[in-house]
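# Overview (structure and organization)
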Amino acid sequence: MAAICSVETQLAVERFLYRQAEIVDDREWDAWLALFAEDGKYWMPATADQEVADGQPNIFYEDLFLMEMRIKRVCHPYAHSQAPTQRLSRVVSNVIIESEDGATGDIVVRSKFHLVEYRLDDQRYFGGKYRHHLKQTDDGYRIQLQRVDIANVEGPFGYVLQTWL
Amino acid sequence: MPDGQEVHYGDYVQDDRVHKAVYADQAVYESELDNIFHKKWIYIGHESQVPNPGDYWTTWVGKERMIMSRGSDGAVHVLYNRCPHRGSLICNNEHGNAGKAFRCPYHAWQFYMDGSVRQVPMKQGYDGVIDYKDPQFSMVRAERQGNYRGFIFASLSTEGEDLETYLGQGARAAFDDICNRSPQGEAEIVANCFRIIQHSNWKIFLENQLDAVHPSITHHSTGDAAAAMQKKYKDKTGDDAPMGYQFLADFTLPFEKWDSLQTVGFPNGHTQLTGYMGLRPRDPVTLAHEAALTDAYGAERMDEILSTNVHHVIVYPCLSVQPPLQQLRAVRPLGPNKTLTEIWHFRLKGAPDGIYERALAYYYHVNSPSTMVNADDLNNFRAIQEGLAMVGGGDWVSLHRNAGQDTVDNGVTHSVTGMSEMPMRNMFAAWKQFMTEGN
Ligand code: FES
Ligand SMILES: [Fe+2]
């Protein structure tokens, strides 16, 4: 499914996604929280075909409170596994807008990402797809829901995921 | 040990310390597989993982690849995942439904869920040559198989104690305490297995599970972050934060609290940590649970069940179980410095939804691949393993905390404090016994 939308909309959405990628790679945590709507969620399901998050196991399912908790942990001086910390680098591409609400300007957009994570002499590689529900506000887009499906969702994981992919 | 000298693994274990070779030496590891993982009772899975005929789930017992399957007659079978024809793995998927029969991907021999031959293609080549009933042409069953309250175990040795005797009172408590909390006396597994590989020896994980000194230190950051957000949640919304926040905040309880807990050591290395979390607050979920259990068993028995405060049980050598939160982690050694953990949780049949939500919250916050708790544990495990793999720098690992102070009564050992290193000493007593009993 793909929607016909203006070049301006396509560009604005792509800019938003690219900026989000940069924010999380560079650990700009205040900027990260500001990307989400007040009731926004970051969701990584535990299986590829999972349809709902509530009441089921998930890899990530976090609102702004839980995201802020995670940030507080990684910034804590005694977060031992953050010394050294992980370094992330990602590319987001294949940006396809699925729908644009004519009245509100809200967007559903899917995209792909490739990312490497380096920590303690080890490099891990992740690939997958994002699906963003973006809310149009006076201040630009805010994430209502970001769904992240990683290719290796069933693992095994050689280490945990300390921050969001 | 010098070349040519016979190694006595028993010498590696002393009353209050162990030699680093037990964690890092390849030969010791191989011997552990032979003497422990290929002999003792190892957890395979829960019978509710394979609810329908044809269902199967694969796992490991030591170096062996095993299948747990459900036959058309409802029986659960534990088989080696190996084709009797030319040896291929039969199931490549982690789990699935095989329909009426397993079908080998190489030459399409087919097997019923109990491993017996169903069909062989172009069988004229075998006419008058083999008898399909000859066991050498069936998939091989685990040497022994046992079921304790729905939890399936296998032993790859024909000899030794039966399952219930092997588990004893200490390990049976793990499963009893899960099942008893259900008004129907049964647990049902949630069909999701998180798999995380630890870059460390399997024993390091089991020891850490009952190490009550480490949480306030290792998990300092997570406990602080959770406590801060618990407060912020309340301030902002007026409501108490969800239970998961408390689970995380509890990791940084003061040392006096950890000190007040108990650890109990049982034969065969099974070990418990009791006390810890007060999971009987006066909230509506707990009250509904009490009501459901009272209906099923009466008030007195309900009180007995919910007062059982076994926080954590090591079912040696393969499981870490947290019965009050219905969590189970199975240990699958892949090498001296590599361990797969299979991480599960359960629903209590007939219990209120809120009880499951608690289990799910713990599963998410502590046991999922995004856990902020095990982030620091796994980081420790890897650092421990790397320290122990060195040739120099010292040979022994200290287990001296409160050594010589344990009390033993009828084969059951009690520590004087929750922070004692008695659990490690108890597990190593079994290790020494298992590693040397054949000699
Ligand atoms: S190896 Fe299985 S059918 Fe030949
Ligand atoms: Fe820990």
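These figures come from a predicted structure and were not determined experimentally.

A count of helical and extended segments in chain B gives 13 helices and 22 strands. Here the C-alpha radius of gyration of chain B, 23 Å, is about what a compact globule of 439 residues would show, namely 22 Å. When its C-alpha atoms are laid out on the principal axes, chain B stretches across 80 × 60 × 40 Å. Within the span of chain B, comprising 439 residues, buried residues form 58% of the whole. In chain B, of all internal contacts separated by at least 6 residues, the share reaching a separation of at least 24 is 65%. Carbon and sulfur atoms make up 47% of the accessible area of chain B, which totals about 18,000 Å². Of the side-chain charges in chain B, 39 are positive and 53 negative, and the distance between the mean point of each set is 6 Å.

Moving on to the overall build of chain A. Along its length, chain A carries 3 helices and 6 strands. In chain A, the order of α-helices and β-strands from amino to carboxyl end is α-α-β-β-α-β-β-β-β. Taken over C-alpha atoms, the radius of gyration comes to 16 Å for chain A, in line with the 15 Å a tight globule of 165 residues would show. Once the C-alpha set of chain A is aligned to its principal axes, its extents read approximately 50 × 30 × 30 Å. For chain A, buried positions account for 51% of its 165 residues.

So, about the pairing of strand E3 (residues 55–61) of chain B. All names here are of chain B. Taken across its 7 residues, E3 has 6 buried, putting it largely inside the fold. Pairing geometry for E3 and strand E4 (residues 64–70), over 6 bridges, is antiparallel. Residue pairing for E4: Val-61 is matched across the bridge by Glu-64. Here E3 folds back onto E4, and the loop between the two strands holds 2 residues, one of which, Gly-62, carries a positive phi near 55°.

Looking now at the interface of chain A and chain B. Counting from both sides, the interface comprises 35 residues of chain A and, opposite them, 40 residues of chain B. Of the roughly 3,200 Å² buried at the junction of chain A and chain B (both faces included), carbon and sulfur atoms supply 63%. Taken together, the links from chain A to chain B amount to 3 salt bridges. With its nearest N and O atoms 3.2 Å apart, the salt bridge here joins Asp122(A) to Arg382(B). At the boundary of chain A with chain B, the tally comes to 20 residue pairs in polar contact (both at pLDDT 80 or more). If you tally residues by element for the side of chain A that touches chain B, the top one is helix H3 (residues 64–75) of chain A, at 7 residues. Residue classes in the side of chain A that touches chain B are distributed as 16 nonpolar, 10 polar and 9 charged.

Turning our attention to the coordination of the iron ion (ligand 2). Residues and elements named next belong to chain B. Bound to the iron ion (ligand 2) are the protein donor atoms His-214 (NE2), His-219 (NE2), Asp-377 (OD) and Asp-377 (OD), situated 2.1 to 2.4 Å from the metal. One way to put it: the 4 donor atoms around the iron ion (ligand 2) meet at angles of 56 to 148°, and that makes the site irregular. Mapped onto the polypeptide sequence, the residues donating to the iron ion (ligand 2) form the spacing pattern H-x4-H-x157-D. Note that His-219 is positioned in the loop between helix H5 (215–218) and helix H6 (220–237) and Asp-377 in helix H12 (residues 374–388), a separation of 158 residues in sequence. We classify His-219 as buried; its relative accessible area is 1%. According to the relative accessible area criterion, Asp-377 is buried, its value standing at 4%.

On to the environment of Asn192(B). With respect to the element layout, Asn192(B) can be found in the loop between strand E12 (187–189) and strand E13 (194–198). The exposure class of Asn192(B) is buried, given its relative accessible area of 8%. Considering only alpha carbons, one finds Asn192(B) and Val397(B), 205 residues apart in sequence, at a separation of 36 Å. What Asn192(B) contacts, discounting residues up to four positions off in sequence, is Ala46(A), Thr47(A), Pro57(A), Ile343(B), Trp344(B) and Tyr363(B).

Turning next to the packing of aromatic side chains. Tallying each qualifying case throughout the model produces 33 aromatic pairs over all chains. Ring geometry for Trp202(B) versus Tyr316(B): centroids 5.9 Å apart, planes at 50°, classification tilted. With Trp202(B) in helix H4 (residues 202–209) and Tyr316(B) in the loop between strand E16 (310–315) and strand E17 (319–322), this pair connects stretches of sequence that are 114 residues apart. The exposure class assigned to Trp202(B) is buried, which follows from its relative accessible area of 0%. Using a relative accessible area of 1% as the deciding quantity, one classes Tyr316(B) as buried. Site record: aromatic cluster; members linked through ring pairs are Trp29(A), Trp32(A), Phe36(A), Tyr42(A), Phe60(A) and Trp164(A). Across from the ring centre of Tyr356(B), 4.0 Å away, lies the NZ or CZ of Arg347(B), which sits over that ring.

As a further point, take the confidence of the model for chain B. Residues and elements named next belong to chain B. In this model, chain B carries an average pLDDT of 95, and 97% of its residues clear a pLDDT of 70 or more. Counting interchain partners and residues more than four positions distant, the pLDDT-below-50 stretch residues 1–5 has 2 contacts. This prediction of the complex comes with two scores: 0.96 for pTM and 0.97 for ipTM.

This paragraph deals with the sheet that holds strand E11 (residues 151–155) of chain B. All names here are of chain B. Strand order in the open sheet formed by 3 strands is E2-E11-E10, and the pairing between neighbours is antiparallel. Every interior strand has two partners, whereas the edge strands, strand E2 (42–46) and strand E10 (144–148), have only one. Mean inter-strand twist for the sheet, computed between neighbouring axes without regard to direction, equals 30°. Looking at chain direction, E2 and E11 are connected through 4 bridges and run antiparallel. In the strand pairing of E11, His-46 is matched with Phe-151.

The next subject is the state of the cysteines. In total, this model carries 0 disulfides over all chains according to the counting rule given. The thiol of Cys318(B) is unpaired, and the distance to the nearest cysteine sulfur, on Cys193(B), comes to 14 Å.

So, about H6(B). Across its 18 residues, H6(B) extends 26 Å between first and last C-alpha, which sits within 8% of the 26 Å expected from 1.5 Å per residue. Lining the buried residues of H6(B) we find H3 of chain A together with helix H7 (243–249) and H12 of chain B. Gly238(B) occupies a position one or two residues after H6(B) and carries a positive phi of about 85°.

Cut-off values and rules
Residues numbered from 1 in each chain as written. Chains lettered and ligands numbered in written order. Predicted model: local features only at pLDDT ≥ 70, side-chain atom pairs only at ≥ 80, totals over all residues. Heavy atoms only, no water. Helix = DSSP H or I, 4+ residues; strand = E, 2+ residues; numbered from the N terminus. Rg over C-alpha atoms; globule rule 2.2 N^0.38 Å. Buried < 20%, exposed > 50% of the residue type's maximum accessible area, 1.4 Å probe, protein only. Contact = heavy atoms within 4.5 Å. Areas by Shrake-Rupley, 256 points an atom, 1.4 Å probe, with all protein chains shown as cover. Lys, Arg positive; Asp, Glu negative; His and termini not counted. Charge placed at Lys NZ, Arg CZ, Asp CG, Glu CD. Pairing = 2+ DSSP bridges. Buried area = accessible area lost by both parts, 1.4 Å probe. Salt bridge = Lys/Arg side-chain N within 4 Å of Asp/Glu carboxyl O. Polar contact = N/O pair within 3.5 Å; in protein donor to acceptor, adjacent residues only side chain to side chain. Nonpolar A, V, L, I, M, F, W, Y, C, P; charged D, E, K, R; others polar. Donors = N, O, S within 2.8 Å, 3.2 Å for Na, K, Ca; no water. Tetrahedral: all angles 85-135°; square planar, octahedral: opposite > 155°, others 65-115°. Phe/Tyr/Trp six-rings, centres within 6.5 Å; stacked < 30°, edge-to-face > 60°. Lys NZ or Arg CZ within 6 Å of the ring centre and 35° of its normal. pLDDT = per-residue confidence, 0-100. Axes fitted to C-alpha atoms, helices over the stretch in contact; angles between N-to-C directions. Disulfide = S-S within 2.5 Å. Expected span 1.5 Å × (residues − 1).

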